[in-house]
Amino acid sequence: MFFGADRGDQNLAAHLLSAIGKDLLHPPASVASAHALQARLEVTGDRGTTVTVNQPHAWERPRLPVPRGWATALLGDEWWSLCAAAALSAEVTVERWCGGQGARQRLAGLRPLADIEEFRPSDCGSGLRVSATLDPAHVGTDFLFPMDLAELNLHDPDCSVSPGTGHVLIRDHRSGLAAGDVLHR
């Protein structure tokens, strides 16, 4: 798999969260420089996540309706780890917004389930939000996100960039757990 662990490996969940966090902290050069974005990686359930990133972009609202298909999926291909996680998911919701305009799309894996729809974002900036529920058929029935999210490593071994204004805030919303935020810079 893309995440350095195979299906059924007890470390797959930690590797997946680390890969997404690394991608957010060290985005592709076409998106932003390393340590420049502010992102939130939330664990919403044993197999559920929501990623929100203040991705600056000059994004134009798509003309609606947009035909279904990967070429028109809002997820795009600049976030490889989110695309790979979406491919392993039963349900995915992608939202992009810029300048008070927003577009939302529901996917099953990478397949659009519905047309792109407009929404009014509460954030006036620009960004991306991806919510996903991983599919046990793809990740295994024993897949659970780790309890100790502070142990995740979000830095590449050869990262020489000084901490900047960017960060990844990891938040666990699973019930029965002490809600503790972990901030990575």
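Before reading further, recall that the structure is shown in the block above.
None of these values were measured; they are calculated from a predicted model.

Colleague: Can you walk me through helix H2 (residues 80-87) in this structure?
Modeller: Three or four residues apart is the spacing at which side chains of an α-helix point the same way, because the helix has 3.6 residues per turn. Within H2, six of the eight residues are buried, leaving the element largely enclosed by the surrounding structure. Summarising the contacts, the buried residues of H2 are in contact with helix H1 (12-25), strand E2 (48-53), strand E3 (89-98) and strand E7 (126-134).

Colleague: Help me out: how do you make sense of the environment of Gly102 in this one?
Modeller: Relative to the helices and strands, Gly102 resides in strand E4 (residues 101-108). Sequence separation between Gly102 and Pro121 is 19 residues; the distance between their C-alpha atoms is 5.9 Å.

Colleague: Teacher, can you tell me more about the pattern of salt bridges here?
Modeller: Tallied over the entire structure, the rule returns seven salt bridges. For Arg40, the salt bridge identified is with Glu42, shortest N-O distance 3.1 Å. Residue Arg40 is classed as partly exposed on the basis of its relative accessible area, which comes to 29%. Classification of Glu42 as buried rests on a relative accessible area of 11%. Asp172 is the partner of Arg174 in a salt bridge, and the nearest nitrogen-oxygen pair spans 2.6 Å. Pair check on accessibility: Arg174 and Asp172 agree, each one buried.

Criteria and cut-off values
Residues numbered from 1 in each chain as written. Predicted model: local features only at pLDDT ≥ 70, side-chain atom pairs only at ≥ 80, totals over all residues. Heavy atoms only, no water. Buried < 20%, exposed > 50% of the residue type's maximum accessible area, 1.4 Å probe, protein only. Helix = DSSP H or I, 4+ residues; strand = E, 2+ residues; numbered from the N terminus. Contact = heavy atoms within 4.5 Å. Salt bridge = Lys/Arg side-chain N within 4 Å of Asp/Glu carboxyl O.

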